[in-house]
Amino acid sequence: MFSSTSGIIELLGTIAFAISGTFSAMQRKLDAFGVLIIAFVTSIGGGTIRDLLIGDVPVAWMRDVQVCLVILATSVAGIIFKTYIRKLKVTLFLFDSLGLGLFTVVGLQKGINFGLNPGICIALGTITGCFGGITRDILLNTIPLIFRREIYATVCIFGGLVYFLLLHLEVNVDICKFIVIALIFVTRIIVVQKNLSLPKINY
Amino acid sequence: MFSSTSGIIELLGTIAFAISGTFSAMQRKLDAFGVLIIAFVTSIGGGTIRDLLIGDVPVAWMRDVQVCLVILATSVAGIIFKTYIRKLKVTLFLFDSLGLGLFTVVGLQKGINFGLNPGICIALGTITGCFGGITRDILLNTIPLIFRREIYATVCIFGGLVYFLLLHLEVNVDICKFIVIALIFVTRIIVVQKNLSLPKINY
Amino acid sequence: MFSSTSGIIELLGTIAFAISGTFSAMQRKLDAFGVLIIAFVTSIGGGTIRDLLIGDVPVAWMRDVQVCLVILATSVAGIIFKTYIRKLKVTLFLFDSLGLGLFTVVGLQKGINFGLNPGICIALGTITGCFGGITRDILLNTIPLIFRREIYATVCIFGGLVYFLLLHLEVNVDICKFIVIALIFVTRIIVVQKNLSLPKINY
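Source: prediction; values computed, not measured.

Caption draft 1: How the structure looks around the interface of chain A and chain C. Listed per partner, the contact involves 22 residues of chain A and 21 residues of chain C. Between chain A and chain C, the buried area comes to about 2000 Å², and carbon and sulfur atoms account for 76% of it. Per-residue buried area on chain A facing chain C is highest for Asp31, Phe33 and Met62 of chain A; these three make up 32% of the total on that side. On inspection of chain A and its partner chain C, the count reaches one residue pair in polar contact (both at pLDDT 80 or more).

Below, the structure written as structure tokens:
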């Protein structure tokens, strides 16, 4: 799986989300097994839902044990090196944002490869990027950030629109991917730092 | 999708649940994006689970962008016209009951088309009718009504039994559909108004 | 479905989990319909997720109505005979442990039949064994025991490793199954009784 550009993006996304899951679970003081489970769920959650919805089964991680080994290794490394990391919450947030960018692009491209409508591809990208984090938050009993101020998913949708715009302008596909990953990563950090939010509907 | 009788029933069900989702989310004061997400989930949730279980993938809304556009338009219209609706809670409840009837029949018929056992068809109808609302309630952190007094799902099962009875009596299939939709709609309203419930098991 | 050794194991697992679901739901004083729903979800939850992930759809219980009838009969019997059972909590726990052993083996073997990697087979066994109970606990608003002290899933993984070891030693497959079922059943009871737990990661 990890040979092409897509493969490298998926590998990096898997690692980023495994770290974000590991640190979230350690923050909540779960036992070793719980930490591994949360790392797995965060890392494979989005891709699993995506593969189920489009019918690409057995789902990705079942066909490729390497993914599981990468998550296991990342999570164990995270547990070991945790004492060297001062600002756990900031580190967690950065890796989560990076994973969001990487996995959104993976989902977008998979939708395109399956010949789906651009709108559906953007939905698939958003699901791939967001779902692992949502499931993690539900399991850890945190209120899913997606329904709070962060406009998590809006960033993915925005990234998806830019991706199709760039493809339409016939930019090289690998460059498109890189731009959109960076865009989602940076936008999310700015949004959270500036505490931006979508307007509430007054009722 | 929207050309046959089945298509029209599915269209109306999609609209009814999109309205119920939009109003529920506005009641909980979610932001514009959150309202759209809840409208989507309520509208496509039941059909998605049904399609996954029977293996009809990619799931319906991925193959037909019209469904997504209808939900989007309905939700935006709901947001705009909300000020004209006095009794939000009653309106929400009526549309939810209507969607329940419509989608139960969609699920029943899909099970029949897949050649499944009548019992399984009734389960599919119930899942199609109830699951969107359950997911909406979980996401909005309301206690799913299905596990409370409303006997939500019992109404769907009852409707399913009547559907097979009518088909067995060789009533025209479109008339069967209309009767069962009306039956579920009316029964649910009566059940909620009269505050009926199934007997609790004394333990 | 219930003719081979695998079939008998699946039948017994279905019954064991249906009882555990019925008793859990009665403990929380749900109405008759709620009890049936929880019995179903506990009994078919794990297998449904397993079948969705590997793409064996329509999922098992949709293809075989007997499963549904067995659950229905078990649940009704459980409701009727509840007054004869003094120690509901102990009975519930024993049947839950038995179901865990039985369904883990069912999932393991299904993974092997699909030609999947041993690691993935163990994951499938664990999912088949644990998921019904997790969903039951979520629906009943109990904190899923898997994330607490019980090391629920660890027992399944341990059982899976022993299963592959025994198969590797060319032990007869039916004997392997029996040993692993007994092993998971006994290990779980010991673990819970002795109040053992995995080490927490100090952070």
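Caption draft 2: Inspection of the relation of the copies chain A and chain C at higher detail. The operation relating chain A to chain C is a screw motion whose rotation component is 120°, with 0.0 Å of axial translation and a residual RMSD of 0.0 Å. The superposition operator between the copies reduces to a three-fold rotation axis.

Caption draft 3: Examining the pattern of salt bridges more closely. Residue and element names in this part refer to chain A. The final tally for this structure, using the stated rule, is 19 salt bridges over all chains. We note a salt bridge from Asp51 to Lys110, for which the minimum N-O separation is 2.9 Å. Here Lys110 lies in helix α5 (residues 88-113) and Asp51 lies in helix α2 (residues 32-54), a separation of 59 residues in the sequence. Among the residues examined, Asp51 registers a relative accessible area of 0% and is labelled buried. Judged by relative accessible area, Lys110 falls into the buried class, the value being 16%. Each of Arg50, Asp51, Asp56, Arg63 and Lys110 takes part in a single network of salt bridges with overlapping partners.

Caption draft 4: View of the relation of the copies chain A and chain B. Overlaying chain A with chain B gives an RMSD of 0.0 Å, the required rotation being 120° about an axis along which the chain moves by 0.0 Å. Of the interface residues in chain A, just 5% have counterparts in chain B that sit at the interface too, so the contact is made through distinct surfaces.

Caption draft 5: Just the environment of Val191 of chain B, in detail. Mapped onto the elements, Val191 of chain B comes out in helix α8 (residues 173-194). Taking the C-alpha atoms as reference, Val191 of chain B lies 8.9 Å from Tyr152 of chain B; in sequence the two are 39 residues apart.

Caption draft 6: Molecular detail of the nonpolar core. One finds Trp61 and Met62 of chain A, Trp61 and Met62 of chain B together with Trp61 and Met62 of chain C to be the most contacted residues of the largest nonpolar core, which totals 51 residues. The contact partners of Met62 of chain A, leaving out residues within four places of it in the chain, are Leu53, Ile54, Leu116, Ile120 and Leu124 of chain C.

Caption draft 7: Fine view of the packing of α2 of chain A against α5 of chain A. Residues and elements named next belong to chain A. Where α2 contacts α5, the axes come no closer than 11 Å and their chain directions differ by 15°. With respect to α5, the axis of α2 lies roughly parallel. You can see that α2 and α5 cross each other, and the crossing is right-handed. Counting all contacts with α2, which are made through Ser43, Arg50, Asp51 and Ile54, the residues of α5 involved are Phe103, Val106, Gly107 and Lys110. In terms of residue class, the contact of α2 with α5 is built from three nonpolar, two polar and three charged.

Caption draft 8: Up close: the side chain of Ser20 of chain B. Considering the arrangement of structural elements, one finds Ser20 of chain B in helix α1 (residues 5-27). Setting aside chain neighbours within four positions, we find Ser20 of chain B in contact with Thr42, Leu92, Asp96 and Arg136 of chain B.

Caption draft 9: Structural detail: the packing of aromatic side chains. Applying the stated rule across the entire model yields six aromatic pairs over all chains. Look at Tyr163 of chain A and Phe164 of chain A: their rings are 6.4 Å apart centre to centre, the planes differ by 80°, and that puts the pair in the edge-to-face class.

Caption draft 10: Local environment of the interface of chain A and chain B. Tallying the contact residues gives 21 residues for chain A and 22 residues for chain B. The interface formed by chain A and chain B includes zero salt bridges. At the boundary of chain A with chain B, the tally comes to one residue pair in polar contact (both at pLDDT 80 or more). Elements with a minimum of two residues in the side of chain A that touches chain B: α2, α6 (118-139) and α7 (152-168) of chain A. In terms of residue count, α6 of chain A provides more of the side of chain A that touches chain B than any other element does, four residues in total. Tallied by class, the residues present in the side of chain A that touches chain B amount to 15 nonpolar, four polar and two charged.

Caption draft 11: Quick look at the environment of Asp137 of chain C. Among the structural elements, Asp137 of chain C can be located in helix α6 (residues 118-139). For the pair Asp137 of chain C and Gly21 of chain C, spaced 116 residues apart in sequence, the C-alpha separation works out to 9.4 Å.

Rules of the game
- Residues numbered from 1 in each chain as written.
- Chains lettered and ligands numbered in written order.
- Predicted model: local features only at pLDDT ≥ 70, side-chain atom pairs only at ≥ 80, totals over all residues.
- Heavy atoms only, no water.
- Contact = heavy atoms within 4.5 Å.
- Buried area = accessible area lost by both parts, 1.4 Å probe.
- Polar contact = N/O pair within 3.5 Å; in protein donor to acceptor, adjacent residues only side chain to side chain.
- Least-squares fit on C-alpha atoms with pLDDT ≥ 70 in both.
- Salt bridge = Lys/Arg side-chain N within 4 Å of Asp/Glu carboxyl O.
- Helix = DSSP H or I, 4+ residues; strand = E, 2+ residues; numbered from the N terminus.
- Buried < 20%, exposed > 50% of the residue type's maximum accessible area, 1.4 Å probe, protein only.
- Core = buried A, V, L, I, M, F, W, Y, C linked by side-chain atoms within 4.5 Å.
- Axes fitted to C-alpha atoms, helices over the stretch in contact; angles between N-to-C directions.
- Parallel < 35°, antiparallel > 145°, perpendicular 65-115°, else oblique.
- Left-handed = near helix turned anticlockwise from the far one by under 90°.
- Nonpolar A, V, L, I, M, F, W, Y, C, P; charged D, E, K, R; others polar.
- Phe/Tyr/Trp six-rings, centres within 6.5 Å; stacked < 30°, edge-to-face > 60°.

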